[in-house]
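As a plain string of letters, each chain reads:
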2 protein chains.
Amino acid sequence: MKQPNRITISNIAELAGVSKATASLVLNGKGDEYRVSEETQQRILSIAEEHRYQPSFHARALRSSRSHTIGLVIPFLTQFTNASLARELESLFRNAGIQIIIACSDEDPEQEKLVVNNLLQRQVDGLIVISSNSSDEAYSKIHSYVPVVQLGRQIGDSSLPLIMTDAESSTTSLIQVLATQHPDEIYYFGGEPTLTPSKQRLAGYKQGLQQAGVSLRPEWIRQRNFFSYSGYDMMEEVCNELGRPPKALFTASFSLLEGVLQYLNQNPEMQQGLHLASFDDHELLDFMPLRIDSIAQDYTALAFNAFTMLMALMEDKAVLPPTMQTIPARIRWRHPESRRLSKQITTESLPK
Amino acid sequence: MKQPNRITISNIAELAGVSKATASLVLNGKGDEYRVSEETQQRILSIAEEHRYQPSFHARALRSSRSHTIGLVIPFLTQFTNASLARELESLFRNAGIQIIIACSDEDPEQEKLVVNNLLQRQVDGLIVISSNSSDEAYSKIHSYVPVVQLGRQIGDSSLPLIMTDAESSTTSLIQVLATQHPDEIYYFGGEPTLTPSKQRLAGYKQGLQQAGVSLRPEWIRQRNFFSYSGYDMMEEVCNELGRPPKALFTASFSLLEGVLQYLNQNPEMQQGLHLASFDDHELLDFMPLRIDSIAQDYTALAFNAFTMLMALMEDKAVLPPTMQTIPARIRWRHPESRRLSKQITTESLPK
DNA sequence: TTGAAAGCGCTAACAA
DNA sequence: TTGTTAGCGCTTTCAA
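Residues numbered from 1 in each chain as written. Chains lettered and ligands numbered in written order. Predicted model: local features only at pLDDT ≥ 70, side-chain atom pairs only at ≥ 80, totals over all residues. Heavy atoms only, no water.

- As annotated in an unreviewed UniProt entry, chain A carries the name LacI family sucrose operon transcriptional repressor and comes from Tolumonas osonensis.

In structure tokens, the structure reads:
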């Protein structure tokens, strides 16, 4: 099962009656630079064309210790947020002539180690990670020889280059509006408390309450992990405790929201009077009977900045000054009352 | 930006005071076979361990012309169906020690050519394609030296190994139930007519009508492509023609359904009396006010069979007899009336 | 029981 | 203007 009639540079050289070196130069566009005669160049080029010469990727990588490949570490491919980022990145790097290898950690730090190792073994030239780790120890080491960019999540308080959504301010605004409507009860469901997204979204929640003049009750905050079953479980728990649904609920991720929705689907009576809001957005939310306010991340900008950052790092290791970038998010008001209030509040808080 | 202190097999050999050859044998588990002394083996192994020796992937690939990598060609990463397949495959191959490279064609045959070329250049050992092509000419050639498995879609009438959902029979059943309820009007929105999924789903639609004793009106069938905007456009078209929504509508893919939903969201009056059904399923459909009947593909089985098939082909090129496999789909009844009818019909058509 | 040597396909000094 | 040569890291005869 070998590549058949695959033509090598030696073959080309032979056919053209030149040496491998000359052929190599010409085929790499360095013909002029090294002043290979026009005629020879043409001959080589046309032979290569004719035989559909394709340089061996592995030989090249071995020789130059550059694989023109980068690795993307992602929790799950089926989560809409991650898939969107992966999609954008794939296209950006493809157009830049760089192959991207997507590896899934399944949100498991152990497995993340494995897949990263794997990628490193393949000599990826760079790494973009949506990490499930809370320590950047391993990545710091790696970064000393292969640039690493954190995307979407900060690993602990890592100082490695980082691109992420400004979750705090958008969450604050959303919660402020929500709390204004439901000052007496507004729950928060979060994921792994150790991950930065959790921290920021929680911080935003707290600040939103404060801005609305609502004082936090500790039992409003529940945190587990980002799997959707956690959303289900927390919802079940709260509904059981209250004997009714909470008046308002903010889920810190789309996956958690899915779990909550699943619970509501099985217990439709718990939809009564519930005001839902969530971090992360999905088109289908537009069609849901519950008017769920949500926060939409800007995947295009996130991906683009991560791309640009990594490309810069790969080209020369002189790290650019702003090594951390935050991308604003956009709130999508779906609840009519929220929409009204949000306009009002925005107007009020404007200077004039 | 070089891999630092990366240890090579020469280093190991040197440190152990043996030759590269011996080290290689031991490190590849062929020590016993070649009767390398136990003591030497231990020495080599422990040194490798100590220095965290990692064989160079590219050197190995160059030497053995096997990259332990396979390529997956997929239209879009953000389509739930494709992402689900990708996810399953990623995990299967990862556990088998094989790296999978996902390349997106954006549903564009030209781009598909490019990315396939790219993968081939990287000497992938196998290829799984969800193709947007209607001719398998290129793939047939490729298959002669790198095994190719078609997943989800048949390329033209290609005889290359193929794993796909049995779309026809499930669609037939669904349509039969739908047509029984709405014998006077039941529309069909499809994607590229040249792609097999389209053909099969359309065939299922026609047969379902027949089984329900409904005679097809040509204007019920609209086909464009699988992008969601087509769903939007077709819906707009039909609603404008009728001055009201159709009574029943089957969309041949989830993306088309999304387009339809988007239209409905902007024109809520058109939801009135509309009975929607679709090929492909999504969790969120459970929470939609419109009770949308849908057909769920079995991603796990699809992926597993593709995996098994490709692994077999990669191991020895003796192709197994059943080179085409169909995986049954499951209908998810959400509309109460559909559910009732489906039970009734099933019972009736049972032998006793 | 181990080592020497060749070579996978490519690039880049250095010569000519 | 072009060719020679060495070597990236690894595996695999063949010889000792």
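## Focus on the pairing of strand β10 (residues 293-296) of chain A
Residues and elements named next belong to chain A.
Right, so step 1: Here β10 shows a buried face lined by Asp-293 and Ile-295 and a second buried face lined by Ser-294 and Ala-296.
Right, so step 2: Strand direction decides the pairing type here: strand β9 (residues 275-279) and β10, joined by 3 bridges, are parallel. Each bridged residue has a counterpart across the sheet, and for Phe-279 the counterpart in β10 is Ile-295.
Right, so step 3: Where β10 meets strand β12 (residues 330-332), 3 bridges bridge the pair, whose relative direction is antiparallel. Residue pairing in the sheet places Ser-294 in a bridge with Arg-332 of β12. (Buried < 20%, exposed > 50% of the residue type's maximum accessible area, 1.4 Å probe, protein only. Helix = DSSP H or I, 4+ residues; strand = E, 2+ residues; numbered from the N terminus. Pairing = 2+ DSSP bridges.)

## Remarks on the confidence of the model for chain A
Right, so step 1: Here chain A averages 90 in pLDDT, while 95% of its residues score no lower than 70.
Right, so step 2: Confidence scores differ between elements of chain A, with helix α13 (residues 336-349) of chain A showing the lowest mean pLDDT of 81 and strand β8 (residues 248-251) of chain A the highest of 98. (pLDDT = per-residue confidence, 0-100.)

## As for the protein's contact with DNA strand C
Right, so step 1: For DNA strand C, the set of nearby residues contains 25 residues, the closest of which are Ile-9, Lys-20, Tyr-53 and Arg-63 of chain A together with Ser-37 of chain B.
Right, so step 2: When atoms of DNA strand C within 4 Å of the protein are split into backbone and base, the sugar-phosphate part holds 66%.
Right, so step 3: Thr-40 of chain B places a side-chain nitrogen or oxygen 2.7 Å from a phosphate oxygen of DNA strand C.
Right, so step 4: Only α2 (20-27) and α4 (57-64) of chain A together with α2 (20-27) and α4 (57-64) of chain B provide two or more residues apiece to the surface near DNA strand C. (Near = heavy atom within 4 Å. Polar contact = N/O pair within 3.5 Å; in protein donor to acceptor, adjacent residues only side chain to side chain.)

## Details of the protein's contact with DNA strand D
Right, so step 1: The environment of DNA strand D is made up of 25 residues, and the closest members are Ser-37 of chain A together with Ile-9, Lys-20, Tyr-53 and Arg-63 of chain B.
Right, so step 2: Considering DNA strand D, the proportion of its atoms within 4 Å of the protein that are sugar or phosphate atoms stands at 62%.
Right, so step 3: Here a base nitrogen of DNA strand D and a side-chain polar atom of Arg-63 of chain A are 2.8 Å apart.
Right, so step 4: For DNA strand D, a phosphate oxygen lies 3.0 Å from a polar atom in the backbone of Ser-56 of chain B.
Right, so step 5: Those elements that place two or more of their residues in the surface near DNA strand D are α2 and α4 of chain A together with α2 and α4 of chain B.
Right, so step 6: Taken together, the residues of the surface near DNA strand D break down into 10 nonpolar, 9 polar and 6 charged. (Nonpolar A, V, L, I, M, F, W, Y, C, P; charged D, E, K, R; others polar.)

## Notes on unusual backbone geometry
All names here are of chain B.
Right, so step 1: With a phi angle near 50°, Arg-52 is a residue other than glycine that sits in the positive phi range.
Right, so step 2: Here Arg-52 lies in the loop between α3 (38-50) and α4.
Right, so step 3: One non-glycine residue, Gln-123, lies in the positive phi region at around 55°.
Right, so step 4: If you trace the backbone, Gln-123 turns up in the loop between α6 (109-121) and β3 (126-129).

## A closer look at the environment of Glu-107 of chain A
Right, so step 1: Along the chain, Glu-107 of chain A falls in the loop between β2 (99-104) and α6 (109-121).
Right, so step 2: Of note is the side chain of Glu-107 of chain A, whose polar atom sits 3.0 Å from the side chain of Ser-132 of chain A.

## With respect to the sheet that holds strand β7 (residues 221-223) of chain B
All names here are of chain B.
Right, so step 1: Pairing in this open sheet of 6 strands is mixed, and the strands run β7-β6-β8-β9-β10-β12 from one edge to the other. Among the strands making up the open sheet, the edge pair consists of β7 and β12 (330-332). Pairwise comparison of adjacent strand axes, ignoring direction, gives a mean angle of 15° for this sheet.
Right, so step 2: This element, helix α10 (residues 228-242), spans β6 (187-190), β7 and β8 (248-251) of the sheet and lies at about 155° to β6. (Axes fitted to C-alpha atoms, helices over the stretch in contact; angles between N-to-C directions. Contact = heavy atoms within 4.5 Å.)

## Describing the interface of chain A and chain B
How big an interface is tends to be reported as the loss of accessible area on association of its parts.
Right, so step 1: The partner chain B presents 60 residues to the 60 residues of chain A that form the contact.
Right, so step 2: Contact between chain A and chain B buries roughly 5,500 Å² in total, counting both sides, with carbon and sulfur atoms accounting for 59%.
Right, so step 3: Counting across the interface, chain A meets chain B through 0 salt bridges.
Right, so step 4: Seen at the junction of chain A and chain B, the total is 15 residue pairs in polar contact (both at pLDDT 80 or more). (Buried area = accessible area lost by both parts, 1.4 Å probe. Salt bridge = Lys/Arg side-chain N within 4 Å of Asp/Glu carboxyl O.)

## A word on the pattern of salt bridges
Right, so step 1: Scanning the model with the defined rule gives 30 salt bridges over all chains in all.
Right, so step 2: Among the ionic pairs, Arg-217 of chain B bridges to Glu-219 of chain B, the shortest N-O distance being 3.4 Å.
Right, so step 3: Given a relative accessible area of 41%, Arg-217 of chain B falls into the partly exposed group.
Right, so step 4: Since its relative accessible area comes to 35%, Glu-219 of chain B is described here as partly exposed.
Right, so step 5: Each of Arg-222, Arg-224, Glu-237 and Glu-241 of chain A takes part in one network of salt bridges that share partners.

## Some words on the environment of Leu-276 of chain B
All names here are of chain B.
Right, so step 1: By secondary structure assignment, the location of Leu-276 is in strand β9 (residues 275-279).
Right, so step 2: What makes Leu-276 buried here is its relative accessible area of 1%.
Right, so step 3: Remark: the alpha-carbon pair of Leu-276 and Arg-334, spanning 58 residues in sequence, is separated by 10.0 Å.
Right, so step 4: Contacts of Leu-276, omitting those with residues within four sequence positions, involve Leu-249, Leu-257, Val-260, Leu-261, Leu-264, Leu-290, Arg-291, Ile-292 and Asp-293.

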